[in-house]
Amino acid sequence: MADSSAPAGWLHRMTDSDVWWSFKSSPLTVTAAVATILIVAIAFLSPILAPHTPFDPATLSLSDGLKPPVLISSDGDWTFPLGTDDQGRDILSSIMYGTRLSLVVGIASVVVAMTLGITLGLLSGYLGGAVDAVIMRIADVQLTFPAILVALLIDGVVRTVISVQRHDEIALFVIVGAIGLSFWVQYARTVRGSVLVEKNKEYVQAARVIGLSPLVIMVRHVLPNVTGPVLVIATINLGLAIITEATLSFLGVGLPSTEPSLGTLIRLGNEVLQSGDWWITVFPGVTLAALVLAVNLLGDWLRDALNPKLR
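Reading guide: rules and limits
Residues numbered from 1 in each chain as written. Predicted model: local features only at pLDDT ≥ 70, side-chain atom pairs only at ≥ 80, totals over all residues. Heavy atoms only, no water. Helix = DSSP H or I, 4+ residues; strand = E, 2+ residues; numbered from the N terminus. Buried < 20%, exposed > 50% of the residue type's maximum accessible area, 1.4 Å probe, protein only. Contact = heavy atoms within 4.5 Å. Areas by Shrake-Rupley, 256 points an atom, 1.4 Å probe, with all protein chains shown as cover. Lys, Arg positive; Asp, Glu negative; His and termini not counted. Charge placed at Lys NZ, Arg CZ, Asp CG, Glu CD. Salt bridge = Lys/Arg side-chain N within 4 Å of Asp/Glu carboxyl O. Axes fitted to C-alpha atoms, helices over the stretch in contact; angles between N-to-C directions. Left-handed = near helix turned anticlockwise from the far one by under 90°. Nonpolar A, V, L, I, M, F, W, Y, C, P; charged D, E, K, R; others polar. 1 Å grid on protein atoms, 1.4 Å probe; cavity = no way out; pocket = protein on both sides within 12 Å on 5 of 7 lines; lining within 4 Å. Points joined across faces, edges and corners; volume = space filled by probe spheres on them. Phe/Tyr/Trp six-rings, centres within 6.5 Å; stacked < 30°, edge-to-face > 60°.

Engineer: Which residues make up the overall build of the chain, and what are the values?
Structural biologist: The secondary structure content of the chain amounts to 14 helices and 0 strands. Taken from the N to the C terminus, the helices and strands of the chain come in the order α-α-α-α-α-α-α-α-α-α-α-α-α-α. Once the C-alpha set of the chain is aligned to its principal axes, its extents read approximately 75 × 55 × 35 Å. Counting all 311 residues of the chain, 39% fall into the buried class. For the chain, the proportion of contacts with a sequence separation of at least 24, taken over those separated by at least 6, is 71%. Accessible area of the chain: about 16300 Å², with a carbon and sulfur share of 67%. Charged side chains of the chain number 18 positive and 23 negative; the gap between the two group centres comes to 15 Å.

Structure (structure tokens):
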């Protein structure tokens, strides 16, 4: 009986919390959440929902190239509701697959940055001394460079070490690592500040007295109490990571054109924009803007909702 009532009790506590009240009382936040869920669901279900497989050469036909959207031209084809590019690829299907890649890169980059930043922040704040000084000086140096330049530098170093063909094969991992390594500083500095406050509290002192190792204290006792600010940073950084990936892909140093993200689709469409085929770049651009805006609105709400001073 207790097991069956546990989920109901958890659900009641969630719906009775200040965070849920803040969420449901903000129509803008609810709209952003619905838009985010819708875009993410369509993107990850693209192999099922997409009307075409845009990156399979066997399914493409050059005779279908540069068809305009059906709602703006009588030359359009309902088989390709948002038109096609110069290779005959369906723009709608390309956007769905490209959004999935952009989300994968963004989420994976945030996980890499968060893992590295939390680890270094815990070590810096808890151990202090020379460890703290070295980690924070490295963070200060990296903060002097924009994240996009750090990602470009890392990608450039990888390109000089391996061949172009090999780079295209591991481009997804390279771009995830480059973006993740350019965003870890915010997590490290935030976690370090929280750890400096938490490590002098009584529950940490009690854990030391009973002989727990520093690693156990950091992971089991300190880390759960510093996750609030980290979740806020992760939500906001997801939008930044997606934008960074799109920028790198637009500059031609991101994902290859054989597996394009939204940024790559915008770059490919920009090459024929002057010829009047605007739909190839406008529709992916609108999708990218809507996704990042929705995620950022959720991040702003989460930051305010978890701030006890604003309750």
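Engineer: Explain the pattern of salt bridges to me, using residue names and the numbers behind them.
Structural biologist: Here the idea is simple: oppositely charged side chains can pair when their charged atoms come close. As enumerated under the stated definition, the model contains 9 salt bridges in all. Arginine 192 is the partner of aspartate 132 in a salt bridge, and the nearest nitrogen-oxygen pair spans 2.6 Å. Taken together, the positions of aspartate 132 in helix α6 (residues 129-143) and arginine 192 in helix α9 (residues 171-198) put the pair 60 residues apart, joining distant regions of the chain. We classify arginine 192 as partly exposed; its relative accessible area is 22%. A salt bridge links arginine 189 to aspartate 140, with the nearest nitrogen and oxygen atoms 2.9 Å apart.

Engineer: Any details on the packing of helix α5 (residues 91-127) against α9? Residues and values, ideally.
Structural biologist: Between two packed helices, what matters for the description is the angle formed by their axes and the separation of those axes. Put simply, α5 and α9 touch, their axes get as near as 5 Å, and they point 35 degrees apart. Between α5 and α9 lies a crossing whose hand is right-handed. Residues that form the contact of α5 with α9 fall into these classes: 23 nonpolar, 6 polar and 1 charged.

Engineer: Residue-level account of empty space enclosed by the protein, with values.
Structural biologist: A probe matching the size of a water molecule, rolled over the atoms, marks out where space remains unfilled. Within the structure shown, the criterion is met by 1 cavity of 30 Å³ or more. The volume enclosed by the largest cavity comes to roughly 70 Å³. Put simply, the parts of the chain that give the lining of the largest cavity at least two residues each are α5, α13 (262-270) and α14 (279-305). The class makeup of the residues in the lining of the largest cavity is 6 nonpolar, 1 polar and 2 charged.

Engineer: Describe α13, with residues and values.
Structural biologist: Side chains of residues three or four places apart in an α-helix project in the same direction, reflecting 3.6 residues per turn. Of all 9 residues in α13, 8 are buried; the element is thus mostly enclosed. Taken as a whole, α13 has its buried residues at Leu262, Gly263, Thr264, Leu265, Ile266, Arg267, Leu268 and Gly269. Of the surrounding secondary structure, the elements contacted by the buried residues of α13 are α5, α12 (227-250) and α14.

Engineer: Hey, could you go over the packing of aromatic side chains for me, with residue numbers and the actual values?
Structural biologist: Enumeration over the complete set of coordinates arrives at 2 aromatic pairs. When the ring of tryptophan 278 is compared with that of tryptophan 279, the centres are 6.0 Å apart and the planes differ by 80 degrees; the resulting orientation is edge-to-face. Since its relative accessible area comes to 33%, tryptophan 278 is described here as partly exposed. An aromatic cluster is built from Trp278, Trp279 and Phe283, whose rings are joined through pairwise contacts.

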